[in-house]
Amino acid sequence: MKLYCLSGHPTLPCNVLKFKSTTIMLDCGLDTTSVLNFLPLPLVHSPRLSKLPGWISKDGSINLEKRELLDLSTIDVILISNYHCMMALPYITEHTGFTGTVYATEPTLQIGRLLMEELVNFMERVPKAQSATCWKNKEIQRMLPGPLKDAVDVWTWKRCYSMQEVNSALSKVQLVGYSQKVELFGAVQVSPLSSGYSLGSSNWIIQSHHEKVSYVSGSSLLTTHPQPMDQSSLKNSDVLILTGLTQMPTANPDGMLGEFCSNLAMTIRAGGNVLVPCYSSGVIYDLLECLYQFIESANLGTTPFYFISPVANSSLEFSQIFAEWLCHNKQTKVYLPEPPFPHAELIQTNKLKHYPSIHGDFSSEFRQPCVVFTGHPSLRFGDVVHFMELWGKSSLNTVIFTEPDFSYLDALAPYQPLAMKCVYCPIDTRLNFHQVSKLLKEVQPLHVVCPEQYTQPPLTQSHRSDLMLELQPPPMPYRRCSVLNLPFRRRYERVYILPELANSLVPSEVKPGVSVATVSAVLQSKDNKHTLQSVPKAPPVAPSKKRKRVMEEPPVTMAPKPLLSGAVPLEAFLATLQKHGITEVKVEETADGHILHLQAEDTLIQLEEDGTHIVCDNNEPLRATLRDLVLRFLQKL
Amino acid sequence: MPEIKVTPLGAGQDVGRSCILVSIGGKNIMLDCGMHMGYNDDRRFPDFSYITQNGRLTDFLDCVIISHFHLDHCGALPYMSEMVGYDGPIYMTHPTKAICPILLEDFRKITVDKKGETNFFTSQMIKDCMKKVIPLNLHQTVQVDDELEIKAYYAGHVLGAAMVHIKVGSESVVYTGDYNMTPDRHLGAAWIDKCRPDILISESTYATTIRDSKRCRERDFLKKVHETIERGGKVLIPVFALGRAQELCILLETFWERMNLKAPIYFSTGLTEKANHYYKLFITWTNQKIRKTFVQRNMFEFKHIKAFDRSYADNPGPMVVFATPGMLHAGQSLQIFKKWAGNDKNMVIMPGYCVQGTIGHKILNGQRKLEMEGRSTLDVKLQVEYMSFSAHADAKGIMQLIRMAEPRNMLLVHGEAAKMEFLKGKIEQEFSIDCYMPANGETTAVTTNPSVPVDISLNLLKREMVLGGPLPDPKKPRTMHGTLIMKENSLKLVSSEQALKELGLNEHQLRFTCRVQLQDPHSDSDTLHRIYTHLKSVLKDYTIQHLPDGTVMVESIVIKVSSSAEDANAKVLLLSWSYQDEDLGSYLSSLLKKGLPT
């Protein structure tokens, strides 16, 4: 069993597991941090950006996992754990000869589709007249300035996919529900478990009858909107692959939420606007829910909240229809029936308005001061670019970063100098190190595999030994492009004995509570399922008349005799011989046992602890009798 | 031999009061717990005393599964759990869990508040009962305990309707509840994978019907409604608040829009708004088309359909009213029916099945004079139309499901005996499987023949698979040999050598040596070679080696030649074999005794 690690990013994993002749890809996250190397894509012409010397803005390119490690067309299935971890799907399913199936839950598929749609929309509405690729040449890249010079593997940076590719990729997704058992080729069973991180997010169990691998990716123990994490099903794993821990181990999500609200209220009261760069699904639901409770008490009842994204409406609508995937409290609301998320009420009372983009209705209905939620959190593309340009010059305004995926300083770099206030309240509800070690103590996997980043404290805080995984035995770290041999040996496989054969078996007890039976059977292997059935009786050979046979047929059946165990006790054996009329026995003691000389029959029997030797000439009936007598004292296996 | 037992307490050769007991692998499961619409006495509920004479059912049932929210499938649930007594788990899907208590409360109100019955379950009992419910997701495998697992499949029929697959070890049963194999305007079609259950328990409401296409029925329905409206008549459509009602609403809504009709459409009881809301929140349970477009246009927001008020019934002019309940056995639909029955311009359209004993059933059978309470009679002059919109599988659909699931046995419930008999014949003929149709209280036992799961050592398995070659030859099956070790509850199949090692036993070698005298006028080595060629020609399928150290090996049997000191032609062959080669050794010794061919 092997694990190929295609991504070094701990929260956007992409690993391939080879297990019992199946090749399973676990997640395919898209690392978009490389877009930070590019200039923002403005929606309206920006004189400032276009006057910058040197480098013209290019398409946000995207970093794809290393491909040389293995042939991606051999992948049988892809298991998706949450919608953030599927953004590279079109790259894998569309251009590698992939012919397998993708498994994901319904919310993961639907919201993942929205996020991809949004990304494509962001890119396509600002088409580039030219796109440069020559710079990717190593010789030229070497001469480029700044961080671009040091960027690795730029040749793997790809152009963004198209909607057509997204649709084609998503058509390969097969929907699964939590705890659904999916058989892969009869060899392996996979099953998603609730991971508590986002709508439909899942951890995966990959198991056969005797081996169990757990894949834990992006899990949360906080009570937000999704169904709580299923921990108990992770128990008894041979290997637990651990990815997607919090990127903000020192930031408490509740504290951040409080800070978010107070900064927001402060800015509004001072007459400024608040910009929240965020993804269109996920934490935004919790932010809106928090604001719903906060608005009245903070006297923000008249402040307009805008959510601007090509998929804003869909995201808000979809969030309301996944009752099965929500936490208990929200499910109870659906039973009433009421919408599970309070943003329905915010929309109904006109406090929250959503628009597909800043163009159209928004421009006429837009009132300030206001709060705007919009993407993309990298500040490189999407409507957020416009608001940064619009509000950046005034110190009354505030931008509040809530998404932890991008360094906010890097994100802000092209907008400097900036008068606007910047607040960083990253909200990452994924497991922290403390929660993880508690979880691992609980579920007790034999081995833990994790990105190498988790085995040492973060570079910036090298003294914080609490910000790493300390386990016994130590976890097996992986980095991009490593191939791990997972440490367990398969020793058993499930086979089914058909009833007819089972009834014909004759068990005998060899030890108290332990019985054995010899089995001779025909093995049938079909679809990786093995069955044993009785050996068919050979049809009687038709007497052939062509040739007169001088000799009898040699024995045809290859049924070997069972192995023997035990020893033949001398006294009892002699008594038995006597019963069968063999009385003249001369017993001679040797170093290892006895030699019995049957004088009348001129036959020798050598009895030893671990063997019996019968030397008998020309007397087949006698030999057969002796054989059977010896066998009486032995156990057959 | 293990057996699976199925006993219907209700819905055995009958429609209504669905309640089926299944015993499988030592587990007892109750499937549905419904009431009978046709009775108002004890026969209304299943006879739980069948399970136990005295006291609570908790000890006798491992779980209860409710397939959908119709009262003939869940109406007796609070009675069973709170009044008879059951504290174990009750499973149903999320929509069923949401809607079921509302219908139960409705049912309770009609029975207790309107008819004044006592000794009936209370509102609190419904709430307590619902607390015992564990929601099921589609396709989720729920482990009820270590051995019993259940899995729900989409059944169509109504919002949240499910079929369940029940499995203990390698034995399994599928219960369909009510299902529909053709998608309709708001729900999808039932689906199940090829799970090959030992028994498929299927409803058979429309066992003998093969319905014409849905489109024809819809056109017919619209035509009849339209004609009645045109001549100024009123149309009453008795429905249950959830299910068919929404489908017909969508149908009329689009028709009204297309034809630009002005006559009002009403929906009785305050449930509509709420009901439609359930459809919006559980939109993932509706059909693909509705699911795909719900962000742009939610099909369950109706423009033409308004809430009904009791006073509207006397308004002049045409109108269409959807009123509950669907079988005209009580409530608002019955009140409106009484008001409108006398006018032959009016029409009542029964869109679903009516249970025996209800007014709906009577008028559908052509009865024109109805005895009402208080000895009065009612003349039925209005037109009565029946239109099968209830989403049950028809004969074709049932056969289709059998093809999907490939059961080993079939068991019919929820249908009329005569019709079942017909379908049973068809099933037995087409699929050559046994088909049962037990009556209420009658037990059907089906013996199963499960294979025994065993852990085989991978070494042994791989060895055999290599021997078998990549393309197994069906004519020449390869036998494998091993030792099955039975220890506590584990069954392990390993090679005999490994078994010895694992059990800590020593191997005992049993060997035989046999001297054969032979007259052969050749040198020793020539004799040996002659033996070699002789055996080679006789034993075609065995490996025979002539070794340089002056021996011939047949498999692991050693043959040596020596000549006696006196007579160089008198050879002595020494054969030595172990017990494992006994058959061959014994054969060889007798063969060589016969001498070598000249």
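Residues numbered from 1 in each chain as written. Chains lettered and ligands numbered in written order. Predicted model: local features only at pLDDT ≥ 70, side-chain atom pairs only at ≥ 80, totals over all residues. Heavy atoms only, no water.

Undergrad: Break down the overall build of chain A for me, with residues and values.
TA: When helices and strands are counted, chain A shows 18 helices and 32 strands. Per-residue burial for chain A yields a buried fraction of 54% across its 637 residues. Residue pairs at least 24 apart in sequence account for 71% of intrachain contacts in chain A once pairs closer than 6 positions are excluded. A total of about 28000 Å² of accessible surface is found on chain A, and carbon and sulfur atoms cover 52% of it. (Helix = DSSP H or I, 4+ residues; strand = E, 2+ residues; numbered from the N terminus. Buried < 20%, exposed > 50% of the residue type's maximum accessible area, 1.4 Å probe, protein only. Contact = heavy atoms within 4.5 Å. Areas by Shrake-Rupley, 256 points an atom, 1.4 Å probe, with all protein chains shown as cover.)

Undergrad: Tell me what's going on with the side chain of serine 208 of chain A, and back it up with residues and numbers.
TA: Residue and element names in this part refer to chain A. Along the chain, the position of serine 208 falls in the loop between strand S11 (202-207) and strand S12 (212-217). Overall, the relative accessible area of 11% leaves serine 208 in the buried class. The contacts of serine 208, once residues within four sequence positions are left out, are Phe19, Lys20 and Ala187.

Undergrad: Tell me about helix H6 (residues 163-170) of chain A, residues and numbers included.
TA: Residues and elements named next belong to chain A. For H6, the complete set of buried residues consists of Val166, Ala169 and Leu170. The buried side chains of H6 occupy one side of the element, clustering within an arc of 90° when seen end-on. Of the surrounding secondary structure, the elements contacted by the buried residues of H6 are helix H2 (89-95), helix H3 (106-124) and strand S8 (173-175). (Arc of directions from axis to C-beta.)

Undergrad: Quick rundown of the packing of aromatic side chains? Include the residues and the values.
TA: Taken as a whole and assessed by the stated rule, the structure comprises 32 aromatic pairs over all chains. Judged by centre distance (6.1 Å) and plane angle (10°), the rings of phenylalanine 318 of chain A and phenylalanine 322 of chain A are stacked. We note that phenylalanine 318 of chain A, like phenylalanine 322 of chain A, is buried. Through successive ring pairs, a cluster of aromatic residues spans Tyr306, Tyr355, Phe362, Phe366, Phe387 and Trp391 of chain A. Looking at lysine 330 of chain A, its charged tip hangs above the ring of phenylalanine 341 of chain A, at a distance of 5.0 Å from the centre. One Lys or Arg, arginine 44 of chain B, reaches over the ring of phenylalanine 45 of chain B and ends 5.4 Å from the middle of that ring. (Phe/Tyr/Trp six-rings, centres within 6.5 Å; stacked < 30°, edge-to-face > 60°. Lys NZ or Arg CZ within 6 Å of the ring centre and 35° of its normal.)

Undergrad: Provide a residue-level description of the domain arrangement of chain A, including the pertinent values.
TA: Interfaces are often described in size by the accessible area the parts lose on coming together. As assigned here, chain A comprises domain 1 (2-245 + 432-485), domain 2 (253-424) and domain 3 (564-636). Computed over C-alpha atoms, the centres of domain 2 of chain A and domain 3 of chain A are 93 Å apart. (Domains from an automatic or database assignment.)

Undergrad: Can you explain the pattern of salt bridges? Please cite residues and give values.
TA: All names here are of chain A. Tallied over the entire structure, the rule returns 42 salt bridges over all chains. Measuring nitrogen to oxygen at the nearest pair gives 3.2 Å for the salt bridge that ties glutamate 452 to arginine 479. Pair noted here: glutamate 452 is in the loop between strand S20 (447-451) and strand S21 (476-478) and arginine 479 is in the loop between S21 and strand S22 (483-485), with a separation of 27 residues, a long-range link. On the basis of relative accessibility, which here comes to 24%, the residue glutamate 452 falls in the partly exposed class. Between arginine 627 and aspartate 628 there is a salt bridge; the shortest N-O distance is 3.1 Å. (Salt bridge = Lys/Arg side-chain N within 4 Å of Asp/Glu carboxyl O.)

Undergrad: For the sheet that holds strand S16 (residues 347-350) of chain B, give the residues involved together with the corresponding values.
TA: Strand pairing in a sheet takes place through backbone hydrogen bonds and is either antiparallel or parallel in direction. All names here are of chain B. Read from one edge of the open sheet, six strands run S14-S13-S15-S12-S16-S19, paired in parallel fashion. Each having just a single partner strand, strand S14 (305-307) and strand S19 (383-386) make up the two edges of the open sheet. Each adjacent strand pair in this sheet contributes to an overall mean axis angle of 25°, direction not counted. Relative to strand S15 (residues 319-323), strand S12 (residues 234-238) runs parallel, the two sharing five bridges. Its bridge partner lying in S15, valine 235 is registered against valine 320. Its contacts with the sheet put helix H9 (residues 331-340) on S12, S15 and S16, and the angle it makes with S12 is roughly 150°. (Pairing = 2+ DSSP bridges. Axes fitted to C-alpha atoms, helices over the stretch in contact; angles between N-to-C directions.)

Undergrad: Run through the UniProt feature "domain: Beta-Casp" (unreviewed entry) in chain A, naming residues and quoting values.
TA: The sites that carry the UniProt feature "domain: Beta-Casp" (unreviewed entry) are, in the present numbering, residues 284-412 of chain A. For residues 284-412 of chain A, helix accounts for 42% and strand for 12%, while the C-alpha atoms at its two ends are 21 Å apart. (UniProt positions renumbered as here; feature names shortened; annotations may be inferred.)

Undergrad: Describe the sheet that holds strand S13 (residues 239-243) of chain A, with residues and values.
TA: Residue and element names in this part refer to chain A. Strand order in the open sheet made by the seven strands is S9-S10-S11-S12-S13-S20-S21, with mixed pairing throughout. The strands lining the two open edges of the sheet, one partner per strand, are strand S9 (182-184) and S21. Across the sheet, the mean angle from the axis of one strand to that of its neighbour is 20°, orientation sign disregarded. Inspection of the sheet shows S20 paired to S21 by three bridges, in the parallel sense. Residue cysteine 450 lies in a different strand from S21, and its bridge partner there is proline 477.

Undergrad: Can you break down unusual backbone geometry residue by residue, with the values?
TA: Cis geometry marks the peptide bond from glutamine 416 of chain A to proline 417 of chain A; its omega dihedral reads -5°. With respect to the secondary-structure elements, proline 417 of chain A resides in the loop between helix H14 (408-412) and strand S19 (421-424). In this structure, proline 473 of chain A follows glutamine 472 of chain A across a cis peptide bond, with omega equal to -5°. Within the fold, proline 473 of chain A resides in the loop between S20 and S21. Positive phi is not limited to glycine here, since asparagine 236 of chain A has a value of about 60°. Judged by its relative accessible area of 65%, asparagine 236 of chain A is exposed. Backbone geometry places asparagine 260 of chain B, a non-glycine residue, at a positive phi of 55°. With respect to the element layout, asparagine 260 of chain B can be found in the loop between helix H6 (244-259) and strand S13 (265-267).

Undergrad: Lay out the confidence of the model for chain B with the relevant residues and their values.
TA: Residue and element names in this part refer to chain B. Of all residues in chain B, 96% attain a pLDDT of 70 or more, and the chain-wide mean is 87. The least confident element of chain B is helix H13 (residues 458-468), whose mean pLDDT is 74; the most confident is strand S4 (residues 63-65), at 97. Scoring of the predicted complex yields 0.86 for pTM and 0.84 for ipTM. (pLDDT = per-residue confidence, 0-100.)

Undergrad: Which residues make up the interface of chain B and chain A, and what values go with them?
TA: Counting residues at the interface gives 87 residues for chain B and 93 residues for chain A. Buried surface at the junction of chain B and chain A, summed over both partners, amounts to about 7800 Å²; 60% is from carbon and sulfur atoms. Considering only the surface of chain B that becomes buried against chain A, Leu281, His508 and Tyr579 of chain B emerge as the three largest contributors, covering 10% of it. One can count five salt bridges joining chain B with chain A. At the surface where chain B touches chain A, the tally comes to 35 residue pairs in polar contact (both at pLDDT 80 or more). Here the side of chain B that touches chain A takes nine residues from strand S24 (residues 479-487) of chain B, the largest share from any one element. Residue composition of the side of chain B that touches chain A, grouped by class: 40 nonpolar, 26 polar and 21 charged. (Buried area = accessible area lost by both parts, 1.4 Å probe. Polar contact = N/O pair within 3.5 Å; in protein donor to acceptor, adjacent residues only side chain to side chain. Nonpolar A, V, L, I, M, F, W, Y, C, P; charged D, E, K, R; others polar.)

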